[in-house]
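# Residue-level structure breakdown
Chain residues, written in single-letter form:
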Amino acid sequence: MIVIESLTKRYDSTTAVDAVSMVIERNSITVIVGTSGSGKSTLLRMINRLIEPTSGRVLIEGRDTASEPGHRLRRRIGYVIQGHGLFPHRTVAENIATVPRLLGWEEERVGPRIAQLLEALQLDPAIYSGKYPHQLSGGQQQRVGVARALAAEPAVLLMDEPFGALDPIIREKAQDDLLDIQRKFGTTIVLVTHDIDEAFRLGDRVAVMSAGRLLQYDRPEVLVTRPADTLVARMTGSTERAMRLLSLTTAGDAALPLAASEAAGNGQGGLVVPTSASLRQVLSELLWSGSDDATVVDDTGTPCGRLTVAAILAHGRPA
Amino acid sequence: MSASGFLLRRPASAGDSGALAGVDRLGALLTLIGAAGLFLLPFVTFKANRILPGDPHGLAQVLPVWATLGCRAALAAVAAVALLTANARLRLVTALAGIVVVATALAAAANALTPPHNLIVRVAPGTGFWLLLAALGLLATDAITRMRPGPGARVLLLAIFLGVAGLTLAHGTFDNVSVMREYAVNASAFAVAARQHILLSLGSLGAAVIVALPLGIFSHRVPRLQPGILSALNIIQTIPSIALFGILMAPLGALAAHVPLAAALGIRGIGAAPAVLALFLYSLLPIVANTVAGLKRVSPATVEAALGMGMTPWQTLAGVELVLALPVILTGVRIVLVQNIGLVTVAALIGGGGFGTFVFGGIGQSATDLVLLGAIPTVVLAFSAAVLLDALVERLDRVSP
């Protein structure tokens with residue numbers, strides 16, 4: 001758990017971050033979203049003390065981050081930035097080994113860890129270990145950046161616009177991979193972005209910042225249904241909010257029980273959707289196909305529920 | 001000339017047109033220069049002693065007819081290759097063969113003109129010889145450039161060149177040529193001068209690196225002071241070397257006169273001290289400027305990632321920033337080393353020693369051969385330093401693109 005207590009950063013005449021307090025739960029993804037100049041990156045960098053706060057403090061698992069030298073603190077916290085920041089003169093394996101070596105791990109432990117991480121990020125260690133960053137594609141470089149940040153098994157991972165340099169198709173894949181990684185390693189992730197869609201897609205909780213202040217910090221659906229002020233409402237998109245709400249619920253969660261006859265049959269040629277699909281996606285499919293209901297199937301393909309247009313629309317209204 | 005030769009050379013001579021199409025332009029120019037050297041200008045000059053003005057001699061006046069004709073035929077063959085083929089290997093091999101022919105002719109001419117056991121007469125290379133050598137040298141350099149050899153190959157070529165030159169000189173092939181006559185008289189002074197020359201160049205370079213590297217890092221870190229530091233060093237760079245030597249003589253002389261320790265350390269108004277100090281000052285700008293440029297080249301994201309992962313500022317500087325800036329910094333070192341090797345020559349004027357001793361001694365005595373004894377090794381030294389450091393820079397740049 002990360003506790004941020006009235007954290008403030010002032011430069012000569014401007015206040016970049018103004019008395020922000022928030023609690024970040026363990027094993028969750030928290031997204032800080034805001035326009036440029038909102039202070040979101042400054043807030044993130046004060047967590048690992050790349051920027052020293054003017055006042056306020058940060059506690060990680062109850063321990064004040066100011067109680068040890070900054071570089072020691074940063075070795076325990078993963079850090080990923082836009083444009084990956086890989087060392088161009090070091091191979092992929094050497095890049096990933098950076099923090100373990102700084103921490104003085106034995107080499108017998110470093111090698112297997114590199115292989116494990118590369119595999120977790122779908123990069124074949126035999127092919128990629130010896131390559132230099134410039135020999136990789138943008139998406140691969142980004143994944144190596146994540147592997148490097150996770151190398152020393154940090155409990156906390158900070159990410160500053162990690163997908164900003166990727167094109168839209170690769171970005172979506174990278175976001176899915178991040179969700180997988182988070183589930184696999186149980187890391188507490190704090191991610192900064194200016195992209196509200198990314199925030200809704202990834203965040204268990206979303207913090208909206210503007211002009212150095214924290215406007216609202218809550219679950220995404222609360223941000224849509226009960227925005228704290230007009231700026232949050234504008235950012236979450238007032239005309240889009242119903243669709244956004246639908247995108248936050250999965251077909252599995254919203255599925256209605258199957259009628260007995262349908263459970264026996266096999267959906268009878270109607271629309272079939274997986275439990276992981278969002279209601280927004282299901283609605284879009286239903287509109288496109290012109291049908292009125294869809295069958296929800298689980299990972300094995302067995303029907304486990306059904307959805308109708310009316311049932312979906314009900315989820316698009318505030319409770 | 002082969003058809004493929006035509007095709008290969010096309011892009012290089014895209015501007016060719018009409019009757020000259022297919023003729024190599026550089027080859028044509030070098031052929032003209034070489035022909036002028038061979039037919040219009042004296043190949044050697046004969047002097048009864050080292051300071052008398054010489055009598056010019058053409059190749060035909062000195063060598064037997066068969067040797068003259070053979071020499072001309074060989075050079076005509078080189079010219080044909082230079083004019084008509086684009087094959088860089090062939091051009092290099094013929095250019096080098098041409099150099100061997102011309103050098104052999106010089107040695108033969110010197111031997112022919114020198115009476116047995118006469119150490120007074122001087123047979124000096126004439127303008128014709130120098131023009132031929134220049135034309136062939138340019139042809140060879142151009143061929144090497146076209147072949148784009150890697151850093152290792154270039155160092156190897158340099159080593160072969162130095163090895164062959166050293167062996168022929170040691171063997172005594174050119175002993176009757178005037179410059180080698182001067183060498184024979186000054187052999188021990190030559191060894192001392194060579195040592196001084198290298199020590200002065202490298203010593204001032206070493207001192208400059210020790211000061212300029214931190215100064216460059218500092219200017220990069222404090223951008224506010226960067227223009228001031230660079231302009232101050234720029235102003236030093238504009239002071240002519242002789243003036244700077246002169247300016248330094250007075251304060252260093254005063255220092256030696258009033259501080260016994262300084263005098264005991266060998267600091268005096270003239271000699272090596274002002275020379276090293278002046279060279280050191282000249283060396284600062286290229287190294288500081290290149291250190292700043294090299295560090296600027298390092299992506300800010302890389303530096304931030306290094307700090308963000310918990311590297312200390314020192315680890316980031318030494319392990320990331322300086323390593324990535326090294327090729328650019330070494331380019332500055334290369335500039336300085338070549339520049340210093342040249343400037344050390346001038347330091348002889350204030351008693352700094354080095355090959356300049358021969359150059360200025362030769363000018364004083366109107367003995368051109370003595371000037372050459374100082375000038376040629378200086379050029380060879382500077383050239384070798386440039387090739388070695390260029391190769392090193394390219395090597396490092398490949399590792400960290």
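Residues numbered from 1 in each chain as written. Chains lettered and ligands numbered in written order. Predicted model: local features only at pLDDT ≥ 70, side-chain atom pairs only at ≥ 80, totals over all residues. Heavy atoms only, no water.

Here the focus is the overall build of chain B. Along the backbone of chain B there are 16 helices and three strands. In terms of principal-axis extent, the alpha carbons of chain B reach across some 75 × 60 × 35 Å. Counting across all 401 residues of chain B, residues that qualify as buried make up 45%. Once local pairs closer than 6 in sequence are excluded, the contacts in chain B between residues at least 24 apart make up 75%. Of the roughly 19300 Å² that chain B leaves accessible, carbon and sulfur atoms contribute 75%. Counting 22 positive and 12 negative side-chain charges, chain B places the averaged centre of each group 1 Å from the other. (Helix = DSSP H or I, 4+ residues; strand = E, 2+ residues; numbered from the N terminus. Buried < 20%, exposed > 50% of the residue type's maximum accessible area, 1.4 Å probe, protein only. Contact = heavy atoms within 4.5 Å. Areas by Shrake-Rupley, 256 points an atom, 1.4 Å probe, with all protein chains shown as cover. Lys, Arg positive; Asp, Glu negative; His and termini not counted. Charge placed at Lys NZ, Arg CZ, Asp CG, Glu CD.)

This brings us to the overall build of chain A. Looking only at helices and strands, chain A features 16 helices and 13 strands. A globule of 319 residues ought to have a C-alpha radius of gyration of about 20 Å, and chain A, at 22 Å, matches this closely. With the C-alpha coordinates of chain A rotated into their principal frame, the extents come out at 65 × 50 × 35 Å. Counting across all 319 residues of chain A, residues that qualify as buried make up 49%. Of the contacts formed within chain A by residues at least 6 apart in sequence, a portion of 65% connects residues at least 24 apart. When the accessible area of chain A is evaluated, it comes to approximately 14800 Å², of which 49% is carbon and sulfur surface. (Rg over C-alpha atoms; globule rule 2.2 N^0.38 Å.)

With that settled, the discussion passes to the sheet that holds strand β11 (residues 271–274) of chain A. Residue and element names in this part refer to chain A. With mixed pairing, the three strands of this open sheet are ordered in space as β11-β12-β13. Lying at the two open borders of the sheet, with one neighbouring strand each, are β11 and β13 (303–308). Strand-to-strand twist across the sheet, computed as the mean angle between neighbouring axes with direction ignored, equals 35 degrees. Sitting on the sheet, helix α15 (residues 279–289) touches β11, β12 (293–297) and β13, and the angle it makes with β11 is about 165 degrees. (Pairing = 2+ DSSP bridges. Axes fitted to C-alpha atoms, helices over the stretch in contact; angles between N-to-C directions.)

It is worth spelling out helix α15 (residues 356–364) of chain B at this point. All names here are of chain B. Within the span of α15, buried status applies to Gly356, Phe358, Val359 and Gly362. In a view along the axis of α15, the buried residues occupy a sector of 165 degrees, so they form one face of it. Following α15 by one or two positions, Ser366 adopts a phi angle in the positive range, close to 50 degrees. (Arc of directions from axis to C-beta.)

Before going further, it helps to spend a moment on the environment of B:Phe245. Residues and elements named next belong to chain B. The topology assignment puts Phe245 in helix α10 (residues 241–258). Residue Phe245 is classed as buried on the basis of its relative accessible area, which comes to 1%. Apart from residues lying up to four places away in sequence, Phe245 is in contact with Pro274, Ala275, Ala278, Leu343, Val346, Ala347 and Ile350.

Residues and elements named next belong to chain A. Read from one edge to the other, the open sheet built from six strands follows the order β6-β7-β8-β3-β9-β10, with strand pairing classed as mixed. Because the sheet does not close on itself, it has two edges, and the strands there are β6 (77–81) and β10 (213–218). For this sheet, the mean angle separating the axes of adjacent strands, direction not counted, is 15 degrees. Inspection of the sheet shows strand β9 (residues 205–210) paired to β10 by five bridges, in the antiparallel sense. Opposite Met209, over in β10, you have Leu214 as the bridge partner. Contacts from helix α8 (residues 168–185) reach β3 (29–34), β7 (156–160) and β8 (188–193), with the element oriented near 155 degrees to β8.

This part is about the nonpolar core. Residues A:Ile96, A:Met159, A:Leu191 and A:Val208 are the most contacted members of the largest nonpolar core, which totals 57 residues. Excluding anything up to four places from it in sequence, A:Ile96 contacts A:Ile114, A:Leu117, A:Leu118, A:Val144, A:Ala147, A:Arg148 and A:Ala151. In this structure, B:Leu30, B:Leu92, B:Ala110 and B:Ala143 belong to the second largest nonpolar core, which totals 35 residues. (Core = buried A, V, L, I, M, F, W, Y, C linked by side-chain atoms within 4.5 Å.)

Glancing now at the pattern of salt bridges. Residue and element names in this part refer to chain A. Across all of its chains, the model carries 24 salt bridges over all chains by this definition. With a closest N to O distance of 2.8 Å, Arg57 and Glu5 form a salt bridge. Residue Arg57 is located in strand β4 (residues 55–60), and its partner Glu5 is located in strand β1 (residues 2–10); the two are separated by 52 residues in the primary sequence. According to the relative accessible area criterion, Arg57 is partly exposed, its value standing at 37%. In this structure, the salt-bridge partner of Arg113 is Glu153, at a minimum N-O distance of 3.9 Å. Here Glu153 lies in the loop between α7 (138–150) and β7 and Arg113 lies in helix α5 (residues 107–120), a separation of 40 residues in the sequence. (Salt bridge = Lys/Arg side-chain N within 4 Å of Asp/Glu carboxyl O.)

Below, the discussion takes up the side chain of B:Lys47. All names here are of chain B. Mapped onto the elements, Lys47 comes out in strand β1 (residues 44–47). Residue classification places Lys47 among the buried residues on the basis of a relative accessible area of 7%. Polar side-chain contacts of Lys47 include one of 3.4 Å to the side chain of Asp369. Not counting residues within four places of it along the chain, the set of residues in contact with Lys47 comprises Leu52, Pro53, Gly54, Val121, Arg122, Ala124 and Asp369. (Polar contact = N/O pair within 3.5 Å; in protein donor to acceptor, adjacent residues only side chain to side chain.)

Turning to the confidence of the model for chain B, a few remarks are in order. All names here are of chain B. Per-residue pLDDT for chain B averages 87, and the proportion of residues at 70 or more is 94%. For residues 1–18, every residue scores under 50 in pLDDT, and the model assigns this stretch 17 contacts once sequence neighbours within four places are set aside. We note a pTM of 0.79 for the whole complex and an ipTM of 0.82 for its interfaces. (pLDDT = per-residue confidence, 0-100.)

Residues and elements named next belong to chain A. Here β3 lies mainly inside the structure; six of its six residues are buried. As paired strands, β3 and β8 are joined by five bridges and run parallel to one another. Residue pairing for β8: Ile32 is matched across the bridge by Val192. Strand direction decides the pairing type here: β3 and β9, joined by five bridges, are parallel. Paired with Val31 across the bridge in β9 is Val206.

Attention shifts here to the interface of chain B and chain A. Taken together, the contacts link 19 residues of chain B with 22 residues of chain A. Buried surface at the junction of chain B and chain A, summed over both partners, amounts to about 1700 Å²; 67% is from carbon and sulfur atoms. Remark: the boundary between chain B and chain A carries one salt bridge. Residue B:Glu304 is joined to A:Arg45 by a salt bridge in which the shortest nitrogen-to-oxygen separation is 3.6 Å. Where chain B touches chain A, the interface holds five residue pairs in polar contact (both at pLDDT 80 or more). The set of elements that each furnish at least two residues to the side of chain B that touches chain A consists of α13 (300–308) and α14 (313–347) of chain B. The greatest single-element share of the side of chain B that touches chain A, amounting to seven residues, is contributed by α13(B). Per-class residue counts for the side of chain B that touches chain A are 11 nonpolar, seven polar and one charged. (Buried area = accessible area lost by both parts, 1.4 Å probe. Nonpolar A, V, L, I, M, F, W, Y, C, P; charged D, E, K, R; others polar.)

Let's shift gears to the side chain of A:Thr91. All names here are of chain A. Along the chain, the position of Thr91 falls in the loop between β6 and α3 (92–96). Judged by relative accessible area, Thr91 falls into the buried class, the value being 12%. Excluding its chain neighbours within four sequence positions, the residues that come into contact with Thr91 are Ser129, Gly130, Lys131 and Tyr132.

Residue and element names in this part refer to chain B. Together, Leu255, Val259, Leu261 and Leu265 make up a nonpolar patch on the protein surface, roughly 380 Å² of accessible area in all. Within the secondary structure, Leu265 is located in the loop between α11 (260–264) and α12 (272–297). We classify Leu265 as exposed; its relative accessible area is 64%. (Patch = residues over 30% accessible without salt bridge, like charges linked within 9 Å, V, L, I, M, F, W, Y side chains within 5 Å.)

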